[in-house]
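Given next are the chains, with one letter for each unit.
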Amino acid sequence: MCSSDLDELLAESEDASLFDGNTEMADALALLGTLDARFQQLKHDSDEYTKYQEVLKVPVTRYEEVENLAANLKLKQSMWQGLHDWGEQVGAWSTAPFESLNTEAMQQSVNKYNKVCAQCEKGLPINTVLPMLKEKVDVFKGLVPVVVALRNDALKEHHWTQIEEVIHQEIDRGENFTLGYLLELHVNEYREQIETVSTAATQEGVLEEMLAKVEGAWKNLEFTVNMYKEQKDVFILGGMDDVLAVLEETQVLVQTILGSRFVGPMQKRVDEWDRKLSLFSDTLDEWLNVQRAWMYLESIFKAADIQRQLPNEYKQFDQVNKLWLDLMRKTNTDPSALKSATAPKLKEQLEKANATLEKIQKNLEDYLETKRAAFPRFFFLSNDELLEILAEARNPQAVQPHLIKCFDSIKKLDFGDSPTSIDIAAMFSNEGERVPLGKNLKARGNVESWLTSVEEYMIKSLREFTKQGCTDYDEQERIPWTKSHFAQVVLTCASIDWAKQVEQRLTDESKSSEERVDSLASFNLQQIDELNASANQVAGKLSRLERATFVALMTGDVHNRDIVATMVKEKVDSLGSFTWQMQLRFYWDEAEDDCVVRQVNSASKYGYEYQGALSRLVITPLTDRCWMTITGALHVGLGGAPAGPAGTGKTESVKDLAKGIGRQCVVFNCSDQLDYKMMGKLFSGVVQCGCWTCLDEFNRIDIEVLSVVATQCGRSEERRVGKECRSR
């Protein structure tokens, strides 16, 4: 290869016409083609010489000028060819229908020629050709985003109107709607405004989709309507989970749409949906509240006795009932959720019905309170249980299933053989023990009245049987006496006789101290003999009631035997000894003509709450201390709070003490679900009945409720202390 040829080609490649923008495109491309052909020949020759040098193993000559020339020619060809090709591409785009433009291909072309401009600007000297190409590319570089914006499928008629307002000209989107036409309108000068309109169109499209989703969700959504208690043409709403899920989801969507700044064009539609969903939600709440109250009251006012006792409330309920039945029949016919719950004036009708039902329920509560005030043991029944009793007021025998909740051990009453009888002859315990209640006791009048009579007759009868039992105890042998008396009477009279026997020996002034102790020792042997006799009976043939009576009697006898043995061991010789005073002692007080229970300083009358033939706890020294603490607390007008690990017998010890002294004891299991109203109701019953209550798991009550409960307990104790002080 001759260096002169290379120099000549280099010189020709720097021809001024290749840097002049006025040079004809064809001339420039032809010259570049000629130069490129000559260069390729030189390149071929250069490659051949290199091969020969390698074969001859002589130093290879490096032709750097060839590489520089190649790069130089390539840049000039890219510049002129780009100018040519870009012109043709722009011509094709300008005449093609606007809808057929491929915006992605346009963007790629702009990027390609923009890159060519950058390369030529860096590798070529300043010339007048490159600015021409760069200017044309820059025009389209700014135009492509406008084209993309105008090709947005989300653009609707009102968006085109906005664009026309922006460019201050009307746009003919007919057959002549081409890119060239848009260039004539200089749309590229309004790029930002057009992009803003296009972005708004896109966002509005998203909001339209969301609104369409809302409309679609409610289009076929229906209420689940179920038949109520298999009654013909009586319906209630079924599960609401699906409806509530759709309501929540669509409310979120509507609020999202309303929160967007692009909601403008659909503001009216979205506001309408917001109103509908808000109305639906409010109406559904009222609807479900009415249904809940109606279901509760419907079963109550179905009873003829309740209708008779609450005529005004029944009349009000009947009006709501007609509204409800009509509404649910319509809903069953057309269960469309949105249509049903947004019916005109339905919300107002349901609100009025709810107000009426609330008033009825309040009056019903007040009515039940009057019944509870008349017979306080009703406080221990739920409203439903009490209403069930009142609903059967004309059928006294229907009260039987609820007696066990009003009395500790009365399972049922003996009305005789006639199912319509109102004469009450006796009471039965869970164990089947029958205790006569005297004569002239009838289930006549209001249920609370005759139940109060049952309570009075229970106390009166048990007191008489206890008094008679004490008399019989001195006249009969112990075993026959035990078999001929009721279990509760046996336990009470045996305890009275035990205290009587011990005190007779301790107060015998004719004997010395040692002789009194010896007398106690003799009595202790007598106790052992009596225990052995009872054990022989238990080992023999007894009825179920007799066996339960003997077992309970032996439980007390064993404890009494141990007490006497301890007194003998400690040489107790007087009534003032604490070993004797600390015991739970029963007496028949002749002055009071009643049974009195004493322990240390405390004294209280026996309660005569019927206990049946229940078993008794084995009494331990810990039980004695627990009982002594509780009776001592009651003596000063306070309550007791046994503490200890779970399952150690705290509750049972309290219950057994109540059972022993004939008191009703209501065990109430506390939980974190309790509120002060429930506790107030319990305390009202306890205070008015004069019974005990054992608040199990008291520490589970929420601290907020516990503070109120503490106040309620405090008030009760204050009144009790005041009463004790006045009586003294």
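Residues numbered from 1 in each chain as written. Predicted model: local features only at pLDDT ≥ 70, side-chain atom pairs only at ≥ 80, totals over all residues. Heavy atoms only, no water.

Observations concerning helix 23 (residues 621-635)
Here is step 1 of the chain: Taking 1.5 Å as the rise per residue, helix 23 with 15 residues should run 21 Å; its terminal C-alpha atoms sit 21 Å apart, in good agreement.
Here is step 2 of the chain: Within the sequence span of helix 23, burial applies to Thr 623, Asp 624, Cys 626, Trp 627, Met 628, Ile 630, Thr 631 and Ala 633.
Here is step 3 of the chain: Contact partners of the buried residues in helix 23: helix 21 (544-569), helix 22 (578-581), strand 7 (594-599), strand 8 (602-605), helix 24 (650-660) and strand 10 (692-696).
Here is step 4 of the chain: Looking one or two residues beyond helix 23, the residue adopting positive phi is Gly 637, at roughly 80 degrees. (Helix = DSSP H or I, 4+ residues; strand = E, 2+ residues; numbered from the N terminus. Expected span 1.5 Å × (residues − 1). Buried < 20%, exposed > 50% of the residue type's maximum accessible area, 1.4 Å probe, protein only. Contact = heavy atoms within 4.5 Å.)

Regarding the confidence of the model for the protein
Here is step 1 of the chain: Across the protein, the average pLDDT comes to 83, with 90% of residues at or above 70.
Here is step 2 of the chain: Within the protein, helix 1 (residues 3-13) has the poorest average pLDDT of any element, 63, and strand 7 the best, 95.
Here is step 3 of the chain: Contacts of residues 724-728 to residues separated by more than four positions or lying in other chains number 1 contact, the stretch itself having pLDDT below 50. (pLDDT = per-residue confidence, 0-100.)

What to know about the packing of helix 14 (residues 346-374) against helix 15 (residues 383-391)
Here is step 1 of the chain: For the pair helix 14 and helix 15, interaxial distance at closest approach is 11 Å and the crossing angle is 75 degrees. Considered as vectors, helix 14 and helix 15 are oriented roughly perpendicular to each other. Every residue of helix 15 that contacts helix 14 at Leu 364, Glu 365, Tyr 367, Leu 368, Lys 371 and Arg 372 is listed here: Asn 383, Leu 386, Leu 387 and Leu 390.
Here is step 2 of the chain: Per-class residue counts for the contact of helix 14 with helix 15 are 6 nonpolar, 1 polar and 3 charged. (Axes fitted to C-alpha atoms, helices over the stretch in contact; angles between N-to-C directions. Parallel < 35°, antiparallel > 145°, perpendicular 65-115°, else oblique. Nonpolar A, V, L, I, M, F, W, Y, C, P; charged D, E, K, R; others polar.)

Some words on the side chain of Asp 589
Here is step 1 of the chain: With respect to the helices and strands, Asp 589 occurs in strand 6 (residues 585-589).
Here is step 2 of the chain: No salt bridge is formed by the buried Asp 589. Its closest oppositely charged neighbour is Arg 598, at 4.1 Å.
Here is step 3 of the chain: With near-sequence residues (within four places) excluded, Asp 589 lies in contact with Asp 594, Val 596 and Arg 598. (Lys, Arg positive; Asp, Glu negative; His and termini not counted. Salt bridge = Lys/Arg side-chain N within 4 Å of Asp/Glu carboxyl O.)

Describing the sheet that holds strand 6
Here is step 1 of the chain: With antiparallel pairing, the 3 strands of this open sheet are ordered in space as 6-7-8. The sheet terminates laterally at strand 6 and strand 8, the two strands that pair on one side only. Within this sheet the neighbouring strands show an average axis-to-axis angle of 30 degrees, counted without direction.
Here is step 2 of the chain: Inspection of the sheet shows strand 6 paired to strand 7 by 5 bridges, in the antiparallel sense. Residue pairing in the sheet places Tyr 587 in a bridge with Val 596 of strand 7.
Here is step 3 of the chain: Sheet contacts for helix 19 (residues 487-506): strand 6 and strand 7; angle to strand 6, the most-contacted strand, approximately 90 degrees.
Here is step 4 of the chain: Taken strand by strand, helix 23 contacts strand 7 and strand 8, and its axis lies near 110 degrees from that of strand 7. (Pairing = 2+ DSSP bridges.)

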